[in-house]
Structure formats: C-alpha cells, structure tokens
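Here are the chains, one letter per residue:
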Amino acid sequence: MRALARDLCPPLLWRALASARGRLAPRHLPDQQNGQDLELYWDEEMAAVLERWGEGTTWTEIQLLMAERRGRALDIACGTGKVMALLREQAALELHGCDISDMLIAKAVARGINATRLLICDATKLPYQNEEFDYSYSIGSFEHFTVDGIERVLAEAARVTKTASFHMVPTARSGRDEGWLKTYQSFYNCSEEWWFQRFKRYFPVVGVINSRWEDRISVGKWFLCSKSTQVPTG
C-alpha cells in the first residue's frame, strides 16, 4: 500500500508529506549563497503542503503567542495566508503579510485576506518604515535563507518591529551546527545556540521556548525577541 501511494502521489508532494523534511536522508552541501530553492514557492504542490504542515503545532502556538495583543503585526513570509486567517479572530490586531511569491500572495487574497495588507517582496529588503509594526513573526522560514540572508532578514525584522518579534526555527536535533543541508529544500540545520547568537545581534533580549513541531533531524524552537529589556511572553 505504501509503494502504491508513492506511485500515485507526485514526487515533490510525496517527499514533503512523507518526511515533513526530516525523514529524507539529508545531503550536506557547501555553505553557499545561491543554493536556495526559491522555485518551490511557485509550485502548487508546495503550496498545498503549506496549507497543513503546522496543524496542531506551530499554528496553535502562534495563536497563543499573539493572544490579546493589540496593534499592527507583520507575518514575514506569510505564504498562502493560512496563519493570518487563523489570527483574524483577534480583533485588536491589524494583520499584514509579505512573501516573495506572487503565487502564494494570490492564494492569500483568494482566501479573503485584505489585499491592501499584503505585499510581494524580498524579506531581506522589507519595504516598510522603521517600527511600522508593534509585532512581527515568522514560522519555519528563516532557515531557508543563506547565512548572509539570515543576517539581513533578522536585521529587517528588528528594524520594522517596535515591541516584539516571534520566530519559530527548526534547530538541529543533534545539537551540532550541521550547516547547509538539502532534502527536498535547502536549509540551515544548526544548534539552538547558533540561532540564539544571531537573534541577539539584533534584539536586546531573546528568550527561547520549545515548539511541538519536530522531525527526524530537527526540533522546533521559538525565539521570542524583545525590543525592550523584558522577554515577551504570551
């Protein structure tokens, strides 16, 4: 039955669903600046995966982290707008989103997200004013940037955020800095400490809590980043 399912399922979708990234044997690649799999974000099968991968884990967690917060919030790399839709019930939040893929943004609009609050852009060059948002967040996105891109996207997240910024990043289950890997996407699988030091360069206070998300090679961590002197909490 498993073999039949694999034969009937498109290869990319099979790999994504069978592994949630981790059950495929990862290949270690050189630290590279041009190895991102950006074309996946214009792929309908990947868009389908983005519609459900955070169920019961990160999507519940971001709702708790954003509960009863007020003001403007930015979803960095918002994809199809699934999380924005989940947060719409929090009436005190004015939600905005951005993503590099016009195809994914179109899906966000189709699901009812206000088009005037969505932008197609590179997250390393956010077209927003300094401290335009009270809060910002990302979920499972920053690890797909190159090292230079990670530095730039963190700097941008800090620049556009006034109060606090929340980011879920898969970290290496081994506790080692495994670097740039390739399964069905390229990504950095590094230790919690590796990521913590990078967040600390741009935010005065950084707290870390566990996410329920995990796969064979990674465990999810939320980096709770504050622009003040106190760790933000839910």
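Heads up: the structure comes first, above all this text.
Throughout, a residue's number is its position along its own chain's written sequence, starting from 1. Where totals are concerned, whole chains, interfaces and linings use all residues; where local detail is concerned, this predicted model gives features only for residues with pLDDT of at least 70, and gives and counts side-chain atom pairs only at 80 or more. Each side-chain value is worked out from all heavy atoms of the structure, with water and hydrogens disregarded.

Engineer: Please explain the sheet that holds strand β6 (residues 161–172) as it appears in this structure.
Structural biologist: Pairing in this open sheet of seven strands is mixed, and the strands run β4-β3-β2-β5-β6-β10-β9 from one edge to the other. With one partner strand each, in any of the chains shown, β4 (118–120) and β9 (205–214) form the two edges of the open sheet. Strand-to-strand, the axes of this sheet are offset by a mean angle of 20°, without reference to chain direction. By definition in these notes, contact holds between two residues if any of their heavy atoms fall within 4.5 Å. Inter-axis angles, ranging from 0 to 180 degrees, are taken between N-to-C directions of lines fitted to C-alpha atoms, where helices are fitted over the stretch in contact. For helices the rule is a DSSP run of H or I covering at least 4 residues; for strands it is a run of E covering at least 2, with both sets numbered from the N terminus onward. Sitting on the sheet, helix α7 (residues 147–160) touches β2 (71–76), β5 (133–139) and β6, and the angle it makes with β6 is about 150°. Strands were regarded as paired on the criterion that DSSP finds at least two bridges between them.

Engineer: Please explain the layout of surface pockets as it appears in this structure.
Structural biologist: Empty space among the atoms becomes apparent when a probe as large as a water molecule is rolled across them. Lining residues are those with an atom within 4 Å of a point, where the points come from a 1 Å grid over the protein atoms alone and group into cavities, where a 1.4 Å probe fits but cannot get out, or pockets, open sets with protein on both sides within 12 Å along at least five of seven lines. Grid points are joined across faces, edges and corners, and a volume is the space filled by probe spheres set on the points. Size it by volume and the largest pocket reaches roughly 990 Å³. Together, 47 residues line the largest pocket, and Tyr41, Leu50, Gly140, Ser141 and His144 are the ones closest to its centre. Secondary structure elements with two or more residues in the lining of the largest pocket: α2 (11–19), α3 (44–50), β2, α5 (82–87), β3 (93–99), β5, α7 and β9. Among the elements that make up the lining of the largest pocket, the one with the highest residue count is α3 (three residues). Residues that form the lining of the largest pocket fall into these classes: 24 nonpolar, 13 polar and ten charged. Here the term charged refers only to Asp, Glu, Lys and Arg, the term nonpolar to Ala, Val, Leu, Ile, Met, Phe, Trp, Tyr, Cys and Pro, and the term polar to all other amino acids, Gly among them.

Engineer: So what exactly am I meant to see when it comes to the packing of α7 against helix α8 (residues 192–200) here?
Structural biologist: The packing of two helices is summarised by the inter-axis angle and the distance between the axes. Contact pair α7 / α8: the axes reach a minimum separation of 9 Å and the direction vectors enclose 45°. Taken as axis vectors, α7 and α8 run oblique relative to one another. Touching Val147, Ile150, Glu151 and Leu154 of α7 are Trp194, Trp195, Arg198 and Phe199, all from α8. Of the residues contributing to the contact of α7 with α8, the split by class is six nonpolar, no polar and two charged. By the definition adopted for this analysis, an angle is roughly parallel if under 35 degrees, roughly antiparallel if over 145, roughly perpendicular if from 65 to 115, and oblique otherwise.

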